[in-house]
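Okay, here's what each chain looks like letter by letter:
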Amino acid sequence: MTSFAHVVLTGDRPTGPLHLGHLAGSLLRRIDLQNQFAQTLLVADLQALTDNAGRPAEVSENVLQVVADYLAVGIDPDRTTIALQSGLPALSELTVLYLNLVTVARLERNPTVKAEIELRGFARDIPSGFLCYPVSQAADITGFRGTLVPVGDDQLPMIEQSNEIVRRINRMAGREVLPEAKPILSTTTRLPGADGRKASKSLKNVVTLSASTDEIRAFVASMYTDPSHQRASDPGQVEGNVVFAYLDAFDDRREEVAELKSRYTRGGLGDVALKTRLVDVLEGVIAPIRERRAKVSADRRYLREILRDGTARARAVTSSVLKDVRAVFALRPLFD
Ligand code: TRP
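The structure contained in this document is the topic of the report that follows.

Conventions used here
Residues numbered from 1 in each chain as written. Predicted model: local features only at pLDDT ≥ 70, side-chain atom pairs only at ≥ 80, totals over all residues. Heavy atoms only, no water. Helix = DSSP H or I, 4+ residues; strand = E, 2+ residues; numbered from the N terminus. Rg over C-alpha atoms; globule rule 2.2 N^0.38 Å. Buried < 20%, exposed > 50% of the residue type's maximum accessible area, 1.4 Å probe, protein only. Near = heavy atom within 4 Å. Polar contact = N/O pair within 3.5 Å; in protein donor to acceptor, adjacent residues only side chain to side chain. Areas by Shrake-Rupley, 256 points an atom, 1.4 Å probe, with all protein chains shown as cover. 1 Å grid on protein atoms, 1.4 Å probe; cavity = no way out; pocket = protein on both sides within 12 Å on 5 of 7 lines; lining within 4 Å. Sits in = over half its atoms within 2 Å of the grid points. Nonpolar A, V, L, I, M, F, W, Y, C, P; charged D, E, K, R; others polar. Contact = heavy atoms within 4.5 Å. Axes fitted to C-alpha atoms, helices over the stretch in contact; angles between N-to-C directions. Parallel < 35°, antiparallel > 145°, perpendicular 65-115°, else oblique. Left-handed = near helix turned anticlockwise from the far one by under 90°. Points joined across faces, edges and corners; volume = space filled by probe spheres on them. Phe/Tyr/Trp six-rings, centres within 6.5 Å; stacked < 30°, edge-to-face > 60°. Core = buried A, V, L, I, M, F, W, Y, C linked by side-chain atoms within 4.5 Å.

Attention shifts here to the overall build of the chain. Counting secondary structure elements, the chain contains 14 helices and 5 strands. Over its C-alpha atoms the chain spans a radius of gyration of 22 Å, differing by no more than 12% from the 20 Å that the globule rule assigns to 336 residues. By principal-axis analysis of the C-alpha atoms, the chain measures approximately 75 × 45 × 45 Å. A total of 336 residues make up the chain; the buried ones form 50% of that total.

Printed below as a string of structure tokens:
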């Protein structure tokens, strides 16, 4: 594959340590992509503040934690640019320009924003920065001329909205100033939280990539299976069963998992046996990550350096995009 064909751009809000849902949903794919294309990962601290303005110190503290998570799972800073959103003022300027192209009605229709407003119990007292974060995310994507965005399916409306802005800009300019972006979805379906609801740190139904063995055990023990599957001999449901969702995502022994599913469906396989297997599988996934993470997070200077270098590289790209977009709005530099 040609390495110049695509620009991969994606990001994470530094609101806490990354969890297994992130690993299956997008981190593994990014590790693949860094070998094929130019890739940037944005630590989206400004976006995190849109609904965490009350705890800025925590957001700031989590920035380096996310960098540590990236390195621990195998993101290679020599191949992937890791950049800090707030260190790229061009992205904020792009946001301000794009805000003129997006109506409040359109923002309120964004399904992801809608769902998040409900989850957080916001009504009309929603922070306006939060309502507008899809516009800032469009600045993130276009600020790198991103064409591929590896994300979970909840982010599809963001990419759609970004592409609408791209089309507006290109129409205004009468030529292609910015490329449209395509999502890359993970092959596994979105992992649920232990309780079967959306996986979310605030719902406390996830397990982090640096979880201890005991935390993994507690997480698996709390998993929702099939309430009508009381005895091992009872036939059970695989559909909607959280334990099987995680086995599907992380257990490489596909044939054995298929066999377990049919035994479970017929009756004769207990939840305890199934959960014991999952604990082992997850321990196998997390243990090496936990180890590398302990190593890299001990060296904050190194983490800061990675982020500083990545942000400096990113600044060159984002400034050049801003220059092009300013011209579309007939803004001319006064001093140069
Ligand atoms: N909104 C994304 C999330 O919550 C994070 C994000 C910020 C992002 N900027 C981005 C994703 C740009 C893709 C592209 O997961």
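Take the site of the ligand next. Taken together, Leu9, Thr10, Gly11, Arg13, Ala44, Gln47, Gln137, Asp140, Ile141, Val149, Val151 and Gln155 form the complete shell of residues around the ligand. With respect to the ligand, the side chain of Arg13 contributes an N or O atom lying 3.5 Å from an oxygen atom. A distance of 3.0 Å separates a nitrogen atom of the ligand from a polar side-chain atom of Gln155. The fraction of the free accessible surface of the ligand (370 Å²) that becomes covered by protein chains is 89%. For the ligand, the cavity whose grid points lie within 2 Å of the majority of its atoms is the largest pocket. Mapped by element, the contributors of at least two residues to the shell around the ligand are strand 1 (7–12) and helix 8 (133–142). A class-by-class count of the residues in the shell around the ligand yields 5 nonpolar, 5 polar and 2 charged.

With that settled, consider the side chain of Gln47. Inspection of the secondary structure assignment puts Gln47 in helix 2 (residues 45–49). We classify Gln47 as buried; its relative accessible area is 6%. In terms of polar contacts, Gln47 uses its side chain to reach the side chain of Arg13, at 2.8 Å. Apart from residues lying up to four places away in sequence, Gln47 is in contact with Arg13, Gln85, Tyr133, Gln137 and Asp140.

Where helix 12 (residues 254–266) contacts helix 13 (residues 271–297), the axes come no closer than 12 Å and their chain directions differ by 160°. What the angle tells us is that helix 12 and helix 13 run roughly antiparallel. Note on packing geometry: the crossing formed by helix 12 with helix 13 is left-handed. Residues Glu256, Val257, Leu260 and Tyr264 of helix 12 touch helix 13, and the partners they reach there are Asp271, Leu274 and Arg277. Of the residues that constitute the contact of helix 12 with helix 13, the class distribution is 4 nonpolar, no polar and 3 charged.

If you add up the space inside the largest pocket, you get close to 1200 Å³. Considering the residues around the largest pocket, the lining is formed by 46 residues, among which Arg13, His22, Asp154, Gln155 and Lys198 are closest to the centre. Counting residues per element, the ones that place at least two in the lining of the largest pocket are strand 1, helix 1 (20–33), helix 6 (111–120) and helix 8. Tallying contributions element by element places helix 1 first for the lining of the largest pocket, with 6 residues. Residues of the lining of the largest pocket, tallied by class, amount to 14 nonpolar, 19 polar and 13 charged.

Under the counting rule described, the total for this entry stands at 4 aromatic pairs. On the numbers, 5.5 Å between centres and 75° between planes, the contact of Phe219 with Tyr246 is edge-to-face. Here Tyr246 lies in helix 11 (residues 242–250) and Phe219 lies in helix 10 (residues 213–221), a separation of 27 residues in the sequence. Neither residue differs from the other here; Phe219 and Tyr246 are each classed as buried.

Membership of the largest hydrophobic core comes to 52 residues, with the highest contact counts inside it found for Leu20 and Phe250. When near neighbours in sequence (up to four residues on either side) are disregarded, Phe250 contacts Leu20, Leu23, Ala24, Leu191, Val281, Leu282 and Val285. Within the second largest apolar cluster, 40 residues are counted, among which are Ala90, Leu94, Val102 and Leu131.

Now for the environment of Leu20. By the element assignment, Leu20 lies in helix 1. Given the relative accessible area of 1%, Leu20 is considered buried. When the C-alpha atoms of Leu20 and Val207 are compared, they prove to be 6.2 Å apart, with 187 residues separating the residues in sequence. Once residues within four sequence positions are removed from consideration, Leu20 is found in contact with Leu191, Val207, Leu209, Tyr246, Phe250, Leu282, Val285 and Ile286.

Once that is clear, we can look at unusual backbone geometry. Even without being glycine, Lys204 reaches a positive phi, approximately 55°. Take Lys204: it is sitting in the loop between strand 5 (182–184) and helix 10. Judged by its relative accessible area of 75%, Lys204 falls in the exposed class. Although it is not a glycine, Ala330 adopts a positive phi angle of roughly 60°. Inspection of the secondary structure assignment puts Ala330 in the segment after helix 14 (300–328).

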